[in-house]
Amino acid sequence: MEPPDGVSADHVEQTLRADAERSCPASMRDRVAAGIGKALADRRLPLVVAILAVVGMLPALTGGWQLDDYFQRATLLGYGDSRPINTFIQYIDRAHNLSQINFGTMPWWGSPDLHQAFLRYASTLTMMLDYRLWPNHPALMHLQSLLWLSAAVLVAALLYREVLGATWIAGLAALMYALDGAHAVPAAYLANRNALIACCFGFLSVLAFVRWRKHGGARTRWLSVLMLALALSAGEMGLATVAYLFSYALTIDRDGIRARLMRLLPHGGVLGAWASIYRLGNFGSHGSGFYLDPLRDPLGFAGSFCQRAAFLLVGQWSPLPAEMSMANAPGTTAFFHMSVFSFVVAAIVAVLFIPLVARDRVARFWGLGALLSLIPIAAVGPENRLLGFVGLGSMALLAQLTQVVFISSFVPPVSRVWKGFAWAATLLLLLTHVVAAPLLGIARIDYQANVSSRMERAMASVPSDPRIASQDLVLINPRDHIYLVTAIWTVKQLENLPMPRHLRALSSGGTLEVTRVGPRSLRVRFPGGFFPTAFSRFVRSQNDCFSPGEHFELPGLSIVVEALDAQGDPAQVLYEFPVPLEDPSLRWMRWQDGVYVPWSPPALDQTEKLPSVSGIFG
């Protein structure tokens with residue numbers, strides 16, 4: 001794959017093209033291929049794909065506010081007890097969490113020690129700008145996100161040309177990255193704009209470093225260091241920048257390994273300063289089953305990394321989204337089957353690319369960078385919206401593999417079986433990432449908008465009559481707490497509507513068996529498990545165990561965990577109210593057909609079974 005030292009990749013490609021043209025007459029297919037190759041190698045292609053990425057995501061302009069956007073909108077407009085600059089700081093300390101549990105925006109099973117505070121001030125400033133200039137025009141907010149996407153794609157295309165040369169290979173990688181459906185959610189979801197900003201600055205850091213190593217110039221080197229600092233200030237995802245810097249030093253840069261790593265010393269200083277600020281400022285996440293903290297719980301993170309990385313690779317290399325991993329709870333048969341499938345996909349990808357990576361140091365750069373970038377994003381539940389950095393190396397690898405399989409004479413010495421497999425797999429991947437990717441991106445934008453519409457419909461079904469202000473709203477089976485319970489406070493505040501006295505969720509969805517055991521008491525069993533999905537553990541880690549007989553006391557509600565299941569989660573819970581269940585101070589509702597509907601507790605000693613129903617995510 002690699003040309004001899006002193007011979008450029010451009011020269012090799014031109015020689016091969018000339019030999020091919022001399023050996024056979026030009027056919028229509030050859031002319032078409034030559035035209036495509038010329039277009040992909042055109043120096044204007046980076047600008048073209050940057051524009052193409054925006055055009056493909058234009059439906060995002062009509063997305064409005066979605067899901068977490070409501071929470072952040074409330075903070076940025078001054079509701080609640082958090083300042084706008086702390087938009088990405090959700091759960092602060094024990095006292096703050098207990099106040100949320102008492103009111104009900106955090107469920108009774110939430111960990112009082114839950115902590116989520118993210119260092120994303122550069123991204124926060126862009127959101128504050130939105131709310132200063134056009135606070136009631138979400139389309140203009142989305143337009144800013146699309147401009148960040150365009151900038152990130154432009155820099156990625158320039159980086160491909162710098163590393164792969166001004167070739168059709170670099171152009172193909174840029175085109176596939178621009179069309180990647182993983183950009184859909186960051187483009188349409190204002191709360192996820194930080195991913196685009198981190199990618200833009202992170203890619204600039206890598207590009208400046210590569211140019212410094214190839215062409216010299218102290219200013220370029222220090223520009224790389226500055227861009228790394230900005231990437232880290234945009235979001236934790238910016239840590240993946242270090243993956244590509246380290247990978248370049250290890251695989252492409254020259255001299256001894258010590259000299260190569262010493263060149264990254266200024267970047268290491270920025271990383272060390274960021275880590276110190278992160279620790280001293282008490283940023284990070286712990287106590288959640290969705291977010292993991294590699295520094296606080298390295299063993300727990302290591303135990304989850306391989307599984308989450310495999311799901312992310314499914315999202316990167318197949319039409320299936322990584323989010324499929326959150327549809328079922330760990331330990332269930334469905335989750336096991338999905339895990340097996342994800343490891344099979346990861347193994348197939350490894351078999352496909354190992355021969356290329358083994359012989360080509362440029363491929364090793366892209367492959368190692370993509371793999372290392374999985375580490376920081378695996379701290380979050382697997383989702384395609386996190387794949388910006390992984391896609392950077394993946395699309396370059398696929399473009400290089402395309403050359404090896406279909407064009408280049410520098411074919412690795414492998415078996416015919418691999419060649420046949422590689423030919424079919426590469427063709428399928430090209431169809432997925434060039435033809436299907438834009439359609440998948442639009443479908444994802446549409447799905448995201450539909451999910452948000454379902455949440456808005458659910459919020460509209462929550463009573464807003466004046467009586468609700470003196471009532472506890474008791475929700476027997478909300479499918480998830482974040483978007484179907486916590487969101488009630490946010491939406492009612494934003495719409496200036498009456499608020500319930502307290503919010504009381506009695507479960508996180510799933511199948512329930514509800515028995516009336518007294519005038520003021522309900523016993524609830526959870527035959528399908530207390531946490532029916534991975535996402536339902538958002539506010540309580542698997543490591544935060546319950547105890548049989550554990551008691552929780554809230555205003556107007558007493559809770560006793562009477563029995564645990566095999567996973568150590570509540571299997572049976574007793575709920576006792578200070579008034580009869582029919583008292584007008586209690587407003588009972590159940591989740592059904594996408595809305596909340598009135599519900600009445602069963603008669604004394606009677607049991608009602610509530611089946612598991614879908615939430616807003618389907």
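Structure first, text after, so check above.
Throughout, a residue's number is its position along its own chain's written sequence, starting from 1. Per-residue local features are limited, in this predicted model, to residues with pLDDT of at least 70; the limit for side-chain atom pairs, both in listing and counting, is 80 or more; totals at the level of whole chains, interfaces and linings are taken over all residues. Based on all heavy atoms of the structure, the side-chain values leave hydrogens and waters out of the count.

**Student:** So what's going on with a nonpolar patch on the surface? Which residues, and what values?
**Tutor:** Within this analysis, patches are made of residues with over 30% relative accessible area and no salt bridge. Like charges are joined at 9 Å or less; nonpolar side chains (Val, Leu, Ile, Met, Phe, Trp, Tyr) at 5 Å or less. Accessible surface area values rest on a Shrake-Rupley calculation with a 1.4 Å probe, where residue burial reflects the displayed protein chains alone. When a carboxyl oxygen of Asp or Glu lies within 4 Å of a side-chain nitrogen of Lys or Arg, that pair is called a salt bridge. On the surface, F406, I407, W423, L427, L431 and V435 cluster together into a nonpolar patch covering about 570 Å² of accessible area. A run of DSSP states H or I qualifies as a helix once it reaches four residues; a run of E qualifies as a strand once it reaches two. Both are numbered from the N-terminal end. Inspection of the secondary structure assignment puts F406 in helix α19 (residues 388-406). Its relative accessible area of 34% is what places F406 among the partly exposed residues. Each residue is placed in one exposure class: buried if its accessible area under a 1.4 Å probe, protein chains only, is under 20% of its type's maximum, exposed if it is over 50%, and partly exposed if it falls in between.

**Student:** Explain the packing of helix α8 (residues 168-179) against α19 to me, using residue names and the numbers behind them.
**Tutor:** The angle between two axes is taken between their N-to-C directions and runs from 0 to 180 degrees, where each axis is a line fitted to C-alpha atoms and a helix contributes only its stretch in contact. Orientation of α8 relative to α19, taken along the N-to-C sense of each, is 140°, at an axis distance of 8 Å. Comparing their axes, α19 and α8 come out oblique. Pair α8 / α19 crosses with right-handed handedness. Residue-level contacts link W168, I169, L172, A173, M176 and Y177 of α8 to G388, G391, L392, M395, A396, L398, A399, Q400, T402 and Q403 of α19. Looking at the contact of α8 with α19 residue by residue, the class counts come to 11 nonpolar, 5 polar and no charged. Angular relationships are summarised with four words: roughly parallel below 35 degrees, roughly antiparallel beyond 145, roughly perpendicular across 65 to 115, and oblique for the angles in between. By definition, turning the near helix anticlockwise from the far helix through less than a right angle yields a left-handed crossing, and turning it clockwise yields a right-handed one. Contacts are assigned to residue pairs that have any heavy atoms within 4.5 Å of one another. Basically, the charged four are Asp, Glu, Lys and Arg, the nonpolar ten are Ala, Val, Leu, Ile, Met, Phe, Trp, Tyr, Cys and Pro, and anything else, Gly included, counts as polar.

**Student:** Give a detailed account of the environment of Y121, specifying residues and quantitative values.
**Tutor:** By the secondary structure assignment, Y121 is in helix α6 (residues 121-133). Y121 gets classed as partly exposed once you look at its relative accessible area, which sits at 28%. Residues Y121 and M106, spaced 15 residues apart in sequence, show a C-alpha to C-alpha distance of 25 Å. The contact partners of Y121, leaving out residues within four places of it in the chain, are I85, N86, I89, S233 and F283. The term polar contact refers here to a pair of N or O atoms within 3.5 Å; inside protein, the definition further demands a hydrogen-donor-capable atom paired with an acceptor-capable atom, and it admits residues adjacent in sequence only when both atoms are side-chain atoms. A polar atom in the side chain of Y121 sits 3.5 Å from the side chain of N86.

**Student:** Could you give an account of the nonpolar core, naming the residues involved and the relevant values?
**Tutor:** To form a nonpolar core, buried Ala, Val, Leu, Ile, Met, Phe, Trp, Tyr and Cys residues must be joined to one another through side-chain atoms within 4.5 Å. The biggest cluster of nonpolar side chains holds 185 residues, and the ones touching the most others in it are W108, Y160, W366 and Y575. In this structure, Y160 is in contact with G165, A170, A173, A174, Y177, W366, G391, L392, M395 and A396, ignoring residues within four places of it in sequence.

**Student:** Before we move on, can you summarise the side chain of S394 with the specific residues and values?
**Tutor:** One can find S394 in helix α19. Taking the relative accessible area as the measure of exposure, S394 reaches 3% and is therefore buried. Leaving out residues up to four positions away in the same chain, S394 has contacts with Q316, W317 and A370.

**Student:** Go over the sheet that holds strand β9 (residues 557-564), please, and point to the residues and values.
**Tutor:** Any two strands with at least two DSSP-identified bridges between them are counted as paired. On the basis of which strands lie adjacent, the open sheet formed by 6 strands has the order β8-β9-β10-β7-β6-β13 and antiparallel pairing. The open sheet terminates on both sides in strands that have one partner only, identified here as β8 (551-554) and β13 (607-610). Pairwise comparison of adjacent strand axes, ignoring direction, gives a mean angle of 20° for this sheet. Two elements, β9 and strand β10 (residues 570-576), share 6 bridges in a ladder whose sense is antiparallel. Paired with I559 across the bridge in β10 is Y575.

**Student:** Kindly report on the packing of aromatic side chains, identifying the contributing residues and their values.
**Tutor:** Between the rings of Phe, Tyr and Trp (Trp by its six-membered ring), a pair exists once the centres lie within 6.5 Å; its type follows the angle of the planes, with under 30 degrees stacked, over 60 edge-to-face, and the other angles tilted. As enumerated under the stated definition, the model contains 37 aromatic pairs in all. When the ring of W317 is compared with that of F353, the centres are 5.1 Å apart and the planes differ by 40°; the resulting orientation is tilted. Of the two residues, W317 sits in helix α15 (residues 298-317) while F353 sits in helix α16 (residues 333-359), which places them 36 residues apart along the sequence. No difference in accessibility class separates W317 from F353, as the two residues are buried. Measuring from ring centre to ring centre gives 4.8 Å for F526 and F530, while their planes differ by 75°; the resulting arrangement is edge-to-face. Counting every residue linked through ring pairs, the aromatic cluster contains F71, F118, F290, Y291, Y483, F535, F538 and F617. Look at NZ for Lys and CZ for Arg. If either is within 6 Å of the ring centre and within 35 degrees of the ring normal, a charge sits over the ring. For the cation-ring pair, R213 lies above W212, with the distance from its terminal atom to the ring centre recorded as 5.2 Å. Above the plane of the ring of F546 lies R540, whose end atom (NZ or CZ) is 3.8 Å from the centre.

**Student:** Can you break down the sheet that holds strand β2 (residues 115-117) residue by residue, with the values?
**Tutor:** Pairing between the strands of a sheet comes from backbone hydrogen bonds, and it takes one of two forms, parallel or antiparallel. Spatially, the 3 strands line up as an open sheet ordered β1-β2-β3, and their pairing is antiparallel. What marks the edges here is a single partner per strand, and that holds for β1 (89-91) and β3 (284-286). Strand-to-strand, the axes of this sheet are offset by a mean angle of 10°, without reference to chain direction.

**Student:** Residue-level account of helix α12 (residues 240-251), with values.
**Tutor:** Its 12 residues place the ends of α12 17 Å apart at the C-alpha level, agreeing with the 16 Å of an ideal helix rising 1.5 Å per residue. Of all 12 residues making up α12, 9 are buried, and the element is well covered by its neighbours. Every buried residue belonging to α12 is among A240, T241, A243, Y244, L245, S247, Y248, A249 and T251, and all of these are buried. Helices are assigned an expected span. That span is 1.5 Å times one less than the residue count.

**Student:** Outline the pattern of salt bridges, listing residues and values.
**Tutor:** The tally for this structure, following the rule as stated, stands at 21 salt bridges. Two residues, R44 and D42, come together in a salt bridge whose shortest N-O distance is 3.0 Å. Since its relative accessible area comes to 54%, R44 is described here as exposed. We note a salt bridge from R120 to E236, for which the minimum N-O separation is 2.8 Å.

**Student:** Can you explain unusual backbone geometry? Please cite residues and give values.
**Tutor:** Where the residue is not glycine, phi is negative for most of them; where a peptide bond is considered, it is trans in most cases. Even without glycine at this site, D255 takes up a positive phi of about 75°. Tracing the sequence through the fold places D255 in the loop between α12 and α13 (257-262). Notably, D593 is not glycine yet its phi reads approximately 55°, a positive angle. The topology assignment puts D593 in the loop between β11 (586-592) and β12 (595-598).

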